[in-house]
Amino acid sequence: MRRFPRFTHSLQVKIWGEHPSTACHGRTVELSEQGVRVTTREPLTQGRDLQLELYLCETDPFPIRLVGECRWSRSEIQEAVAGIDLRKSNPRCLNVLKDYLDSRE
């Protein structure tokens, strides 16, 4: 994640593993073209493959859908923080994310 420009944006994110019924919600803290740092109520499992939906606004009907792997996870005072590698995502989805980040500069 550090090899790419990083952006500090707070976007809503929905995260789940194998089954969407196990989804948790959180917020992004830091984004890059290849990774994201998120906060959630429950800690994520390191090494787990995850599905993510990033919502660009509160009423976004078409979130950016990404695939990632949880590289690290830790608990902090009232929330959990995790780093997710997004390189397994569809390149078109990563391009949408990159274009959005570039437009926010």
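As the structure is a computational prediction, the values presented were derived from the model and not from experiment.

A few words now on the nonpolar core. Among the nonpolar cores identified, the biggest contains 21 residues, and Ile15, Leu44, Leu52 and Ile84 are the most heavily contacted of them. Broken down by secondary-structure element, the contributors of at least two residues to this core are β1 (12-16), β2 (24-31), β3 (35-40), β4 (49-55), β5 (64-75), β6 (80-85) and α1 (91-103). If near-sequence neighbours (up to four positions away) are discounted, Ile15 is found in contact with Thr22, Ala23, Cys24, Val38, Thr40, Leu44, Leu50, Gln51, Leu52 and Ile84.

The subject of this paragraph is the pattern of salt bridges. Applying the stated rule across the entire model yields nine salt bridges. The salt bridge involving Arg87 is made with Asp85; its shortest N-O contact spans 2.6 Å. Across the salt bridge formed by Asp102 and Lys98, the nearest N and O atoms sit 2.7 Å from each other. Of this pair, Asp102 and Lys98 both sit in helix α1, four residues apart, roughly one helical turn. Exposure remark for Lys98: the relative accessible area of 28% places this residue in the partly exposed category. Here the salt bridges share partners, and the residues they tie into one network are Asp49, Glu69, Arg71, Asp85, Arg87 and Lys88.

A few words on α1. Over its 13 residues, α1 extends 18 Å from the first C-alpha to the last, a length consistent with the 18 Å expected when each residue adds 1.5 Å. Looking at where α1 begins, the residue whose side-chain oxygen comes 2.8 Å from the main-chain nitrogen of Arg92 is Asn90.

Before going further, it helps to spend a moment on the sheet that holds β5. Reading around the barrel, the six strands line up as β1-β2-β3-β6-β5-β4 and close back on themselves, with antiparallel pairing between neighbours. Strand-to-strand, the axes of this sheet are offset by a mean angle of 45°, without reference to chain direction. The sheet strands contacting α1 are β2, β4 and β5, and the helix crosses β5 at an angle near 75°.

What counts as what
- Residues numbered from 1 in each chain as written.
- Predicted model: local features only at pLDDT ≥ 70, side-chain atom pairs only at ≥ 80, totals over all residues.
- Heavy atoms only, no water.
- Core = buried A, V, L, I, M, F, W, Y, C linked by side-chain atoms within 4.5 Å.
- Buried < 20%, exposed > 50% of the residue type's maximum accessible area, 1.4 Å probe, protein only.
- Helix = DSSP H or I, 4+ residues; strand = E, 2+ residues; numbered from the N terminus.
- Contact = heavy atoms within 4.5 Å.
- Salt bridge = Lys/Arg side-chain N within 4 Å of Asp/Glu carboxyl O.
- Expected span 1.5 Å × (residues − 1).
- Polar contact = N/O pair within 3.5 Å; in protein donor to acceptor, adjacent residues only side chain to side chain.
- Pairing = 2+ DSSP bridges.
- Axes fitted to C-alpha atoms, helices over the stretch in contact; angles between N-to-C directions.

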